[in-house]
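Overview (structure and organization)
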Amino acid sequence: MQTTEVVLPAAGEPESLELRVRDLPRPVPGQALVRVEASGVTFAEQQMRRGKYYDMPKFPFVPGYDLVGVVEELGSPESGPVAVGQRVAALTKTGGWADRALLDVADLVPVPEGLTAAEAETLVTNGATAWRMLFRTAQVTTGDTVVVHGANGGVGSVLVQLARSSGVHVIGTASARNQEAVAAMGATPVDYRGDALARVRELAPRGVAAVFDHVGGKGIEGSWRMLAPGGTLVSYGSASTRDQAGSGMVTVLKLFARLAVWNALPNGRSAHFFNLWAGKARHPERYRAELREDLTKIFELLRSGAIEARIDRVYPLVEAAAALRHAESGTVVGKVVIAPGTGQAE
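Residues numbered from 1 in each chain as written. Predicted model: local features only at pLDDT ≥ 70, side-chain atom pairs only at ≥ 80, totals over all residues. Heavy atoms only, no water.

1. Some points on the overall build of the protein chain
Within the protein chain one finds ten helices and 15 strands. For 346 residues, the compact-globule estimate of 2.2 N^0.38 gives 20 Å, and the protein chain sits close to it at 20 Å. Expressed along its principal axes, the backbone C-alpha trace of the protein chain runs to roughly 60 × 40 × 40 Å. Sorting the 346 residues of the protein chain into buried and exposed places 52% on the buried side. Here the protein chain has roughly 14,900 Å² of accessible surface; of this, 51% comes from carbon and sulfur atoms. One way to put it: in the protein chain the 36 positive side-chain charges average out to a point 7 Å from where the 36 negative ones average out. (Helix = DSSP H or I, 4+ residues; strand = E, 2+ residues; numbered from the N terminus. Rg over C-alpha atoms; globule rule 2.2 N^0.38 Å. Buried < 20%, exposed > 50% of the residue type's maximum accessible area, 1.4 Å probe, protein only. Areas by Shrake-Rupley, 256 points an atom, 1.4 Å probe, with all protein chains shown as cover. Lys, Arg positive; Asp, Glu negative; His and termini not counted. Charge placed at Lys NZ, Arg CZ, Asp CG, Glu CD.)

2. A closer look at the pattern of salt bridges
The full count for this structure, using the stated rule, is 25 salt bridges. With its nearest N and O atoms 2.7 Å apart, the salt bridge here joins Glu73 to Arg26. Of this pair, Glu73 sits in strand β4 (residues 66–74) while Arg26 is found in the loop between β2 (18–23) and β3 (31–41), placing the two residues 47 residues apart along the sequence. A network of salt bridges, in which partner residues are shared, links Glu13, Glu15, Arg49, Arg50, Arg325 and Glu328. (Salt bridge = Lys/Arg side-chain N within 4 Å of Asp/Glu carboxyl O.)

3. Details of the sheet that holds strand β10 (residues 188–191)
What the six strands build is an open sheet, ordered β10-β9-β8-β11-β12-β13; its pairing is parallel. Strands with a single pairing partner mark the edges of an open sheet, and in this sheet they are β10 and β13 (270–273). Mean inter-strand twist for the sheet, computed between neighbouring axes without regard to direction, equals 20°. Against the sheet, helix α4 (residues 154–165) contacts β8 (145–148), β9 (169–174) and β11 (208–213), and its axis sits at roughly 165° relative to β9. Where helix α6 (residues 196–203) meets the sheet, its contacts fall on β8, β9, β10 and β11, and the angle it forms with β10 comes to roughly 155°. (Pairing = 2+ DSSP bridges. Axes fitted to C-alpha atoms, helices over the stretch in contact; angles between N-to-C directions. Contact = heavy atoms within 4.5 Å.)

4. Points about the nonpolar core
If you look at soluble globular proteins, the nonpolar side chains tend to sit buried side by side. One finds Trp97, Leu159, Phe212 and Phe299 to be the most contacted residues of the largest nonpolar core, which totals 73 residues. Residues in contact with Leu159, not counting those within four places in the same chain, are Ala130, Met133, Leu134, Val148, Phe212 and Tyr236. (Core = buried A, V, L, I, M, F, W, Y, C linked by side-chain atoms within 4.5 Å.)

And the structure:
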């Protein structure tokens with residue numbers, strides 16, 4: 001059995017990505033061979049290709065933070081709810097940009113019938129991140145008002161939809177050209193290039209229950225000041241420093257220090273840095289059970305029409321460099337998907 005995969009050989013431009021074919025071993029007990037139907041482009045790959053993702057593997061490696069595919073072979077007949085021919089989703093951190101992958105059965109989440117691979121893919125990393133930040137970290141409830149920065153993006157658009165489906169009011173920041181798309185999702189759009197803090201204070205004079213900030217940098221202070229007493233700031237990225245020189249670990253450590261200082265203030269507010277992988281190393285069974293529970297709920301919301309898959313564009317595996325370049329263009333609304341079985345960009 002062989003796999004065709006995209007390799008990131010070293011830090012460099014998207015065009016440095018390489019395509020290779022290699023042999024895959026047969027799955028052993030506890031493993032599954034999955035034919036990949038869709039993977040995605042996240043901010044993680046954008047940082048990894050710069051060598052700035054804070055816990056990235058050593059070069060060379062295969063990018064791909066998640067995938068959706070069909071089980072082709074199992075290492076043992078007893079594999080719980082997973083069967084040959086079944087569509088599944090998985091968080092991988094790396095390895096998703098390939099047409100086949102060997103994965104642990106314990107990490108696979110069944111995808112319900114009625115969803116395409118590309119639709120489900122938009123909600124694996126982005127959906128799990130959004131759901132956990134909303135309901136496990138910030139613990140928002142019906143009637144709350146929250147701010148979502150980058151509301152038109154991959155995670156941002158899912159945050160908006162999940163919040164709105166739970167009766168939460170959303171103020172979404174985005175560029176001027178994406179205001180209409182943000183409003184169409186049911187959020188109140190705010191131009192991030194203007195005085196977003198002043199506008200949020202007009203809309204929510206007492207502050208908001210939570211702010212979800214993927215930008216980091218100096219602007220995170222404005223996010224903190226948007227909070228009401230008892231509010232929660234959830235930081236989950238450092239997009240503002242993407243093109244700056246320096247180590248990704250240094251950026252994260254500086255952010256940790258700032259959040260720690262804010263948490264020590266006696267004003268009832270709290271600040272968190274969200275890590276999607278937190279808890280897996282210490283409590284792998286609980287982590288997998290929670291992830292399966294969260295993704296199952298999200299997939300059901302998608303199937304019922306309560307939320308929708310926002311696919312910006314689909315690229316074939318051989319055009320992974322173009323997909324990554326497009327994801328970094330600042331024009332994306334939703335998720336950029338890589339589909340190994342397609343022949344051209346859609």
